[in-house]
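Spelled out, the chains give:
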Amino acid sequence: MSVEIATPERHSAYEDAIAIVVGTLFMALGVVIYTKAVLLAGSTAGLALLVQYATGISFWWLFFAINLPFYILAVKKLGWAFTLRTFAAVTLVSIFTRLTSELVSFAHLDPLYAAVMGGALSGAGLLILFRHRTGLGGINVLAIYLQDRFGIRAGYFQLAVDLAILAAAFFVIPLDRLALSVLAAVVVNMTLAINHRPGRYLGVT
């Protein structure tokens, strides 16, 4: 008895556009919560937050600028379609973070709640973007390049970068906020691990 495997339905351009807007809105709110509670994220977002805490330069500008050099690698390794969607997502996260910081304010924000909720929002935003073949550039693209070019495992490289950011953060943010940043990272990755598994959902764009 043969089992027919259904061909996954492709996302339309309209669905991709809506998903990128919604996903980046989730990410922007997560970043604003992180900023209010002085927490860190991973990858280029974490680097941008760290530089913001150390220098006072706004996250939205740093995040956009840090990602610029990586688009060349993205085109070579992942193609124009992925690169353009990623460029759009990075730009929107930058813009929405700037706008959200003016539209949303907190009279009180518990740091533990910020770690959990900020991580959940960021994880949900990334989940939406990933299901529409969209990334947030930066370290992810470099990791893929190094793996293909030099055989360095992408996961190990990203872990090393995140650990380096956390190590540098030891000199910039309080120790309790550093510990809560680790918790936030766990929430982000658990959100992705539980909800974005091969066989459960296949995003085709």
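Calculation notes
- Residues numbered from 1 in each chain as written.
- Predicted model: local features only at pLDDT ≥ 70, side-chain atom pairs only at ≥ 80, totals over all residues.
- Heavy atoms only, no water.
- Helix = DSSP H or I, 4+ residues; strand = E, 2+ residues; numbered from the N terminus.
- Buried < 20%, exposed > 50% of the residue type's maximum accessible area, 1.4 Å probe, protein only.
- Contact = heavy atoms within 4.5 Å.
- Axes fitted to C-alpha atoms, helices over the stretch in contact; angles between N-to-C directions.
- Left-handed = near helix turned anticlockwise from the far one by under 90°.
- Nonpolar A, V, L, I, M, F, W, Y, C, P; charged D, E, K, R; others polar.
- Core = buried A, V, L, I, M, F, W, Y, C linked by side-chain atoms within 4.5 Å.
- Expected span 1.5 Å × (residues − 1).
- Arc of directions from axis to C-beta.
- pLDDT = per-residue confidence, 0-100.
- Salt bridge = Lys/Arg side-chain N within 4 Å of Asp/Glu carboxyl O.
- 1 Å grid on protein atoms, 1.4 Å probe; cavity = no way out; pocket = protein on both sides within 12 Å on 5 of 7 lines; lining within 4 Å.
- Points joined across faces, edges and corners; volume = space filled by probe spheres on them.

Some details on the overall build of the protein chain
- Looking only at helices and strands, the protein chain has eight helices and zero strands in total.
- Its helices and strands taken in sequence order, the protein chain reads α-α-α-α-α-α-α-α from the N to the C terminus.
- Looking at the protein chain residue by residue over its 205 residues, the buried ones come to 40%.
- If you take every contact in the protein chain between residues at least 6 apart in sequence, the share linking residues at least 24 apart comes to 75%.

Structural notes on unusual backbone geometry
- One non-glycine residue, Ser 43, lies in positive phi territory at about 60 degrees.
- Structurally, Ser 43 can be placed in helix α2 (residues 43-55).
- Relative accessible area serves as the criterion here: at 14%, Ser 43 is assigned to the buried category.
- Unusually for a residue other than glycine, Arg 133 sits at a positive phi of about 55 degrees.
- With respect to the element layout, Arg 133 can be found in the loop between α5 (111-130) and α6 (139-150).

Remarks on the packing of α5 against helix α8 (residues 175-195)
- Where α5 meets α8, the axes come as close as 8 Å, and the angle between the chain directions of the two elements is 35 degrees. Helix-helix and strand crossings are classified by hand; for α5 and α8 the assignment is right-handed. Contact residues: Pro 111, Leu 112, Ala 115, Val 116, Gly 119, Ala 120, Ser 122, Gly 123, Ala 124, Leu 126, Leu 127 and Phe 130 in α5; Arg 177, Leu 180, Leu 183, Ala 184, Val 187, Val 188, Thr 191, Leu 192 and Asn 195 in α8.
- Each residue belonging to the contact of α5 with α8 can be placed in one class, and the counts come to 15 nonpolar, five polar and one charged.

Structural notes on the packing of helix α1 (residues 13-37) against α2
- Interhelical geometry of α1 versus α2 gives an angle of 35 degrees and a closest axis separation of 11 Å. Here α1 runs over α2; the crossing is right-handed. Contacts between α1 and α2 involve Val 31, Tyr 34 and Thr 35 from the former and Leu 49, Gln 52 and Tyr 53 from the latter.
- Residues belonging to the contact of α1 with α2 are distributed by class as follows: four nonpolar, two polar and no charged.

Re the nonpolar core
- Leu 39, Leu 40, Leu 49, Phe 59, Phe 63 and Leu 136 are the most contacted members of the largest nonpolar core, which totals 43 residues.
- Within the residue set of this core, elements represented by two or more residues are α1, α2, α3 (59-67), α4 (70-103), α5, α6, α7 (154-169) and α8.
- Every residue in contact with Leu 136, bar those within four places of it in the chain, is listed here: Met 27, Thr 44, Phe 63, Asn 67, Thr 86, Ala 89, Val 90, Val 93, Leu 126 and Leu 129.

Focus on α8
- End to end, α8 covers 31 Å across 21 residues, agreeing with the expected 30 Å (1.5 Å per residue, within 8%).
- Where α8 is concerned, the buried positions are Leu 178, Leu 180, Ser 181, Ala 184, Val 187, Val 188, Thr 191 and Leu 192. Buried positions in α8, seen along its axis, are confined to an arc of 165 degrees and lie on one side of it.

Let's talk about the confidence of the model for the protein chain
- Chain-level statistics for the protein chain give a pLDDT mean of 85 and a share of 90% at 70 or above.
- Within the protein chain, the element-level pLDDT minimum falls on α6, averaging 76, and the maximum on α1, averaging 93.

What about the pattern of salt bridges?
- The tally for this structure, following the rule as stated, stands at two salt bridges.
- One salt bridge connects Arg 98 with Glu 102, and the closest N-O pair in it is separated by 2.4 Å. Linking Arg 98 with Glu 102, this pair stays in helix α4, spanning four residues, or about one helical turn.
- What makes Glu 102 exposed here is its relative accessible area of 55%.
- Asp 176 is the salt-bridge partner of Arg 177, the closest N and O atoms lying 3.3 Å from each other.

Quick notes on the layout of surface pockets
- Taken as a whole, the largest pocket spans an internal volume of roughly 960 Å³.
- In terms of lining residues, the largest pocket is bounded by 35 residues, among which Ser 43, Asn 140, Gln 158, Asp 162 and Asn 189 are the most central.
- The set of elements that each furnish at least two residues to the lining of the largest pocket consists of α1, α2, α4, α5, α6, α7 and α8.
- With eight residues, α8 is the single largest residue contributor to the lining of the largest pocket.
- Looking at the lining of the largest pocket residue by residue, the class counts come to 24 nonpolar, ten polar and one charged.

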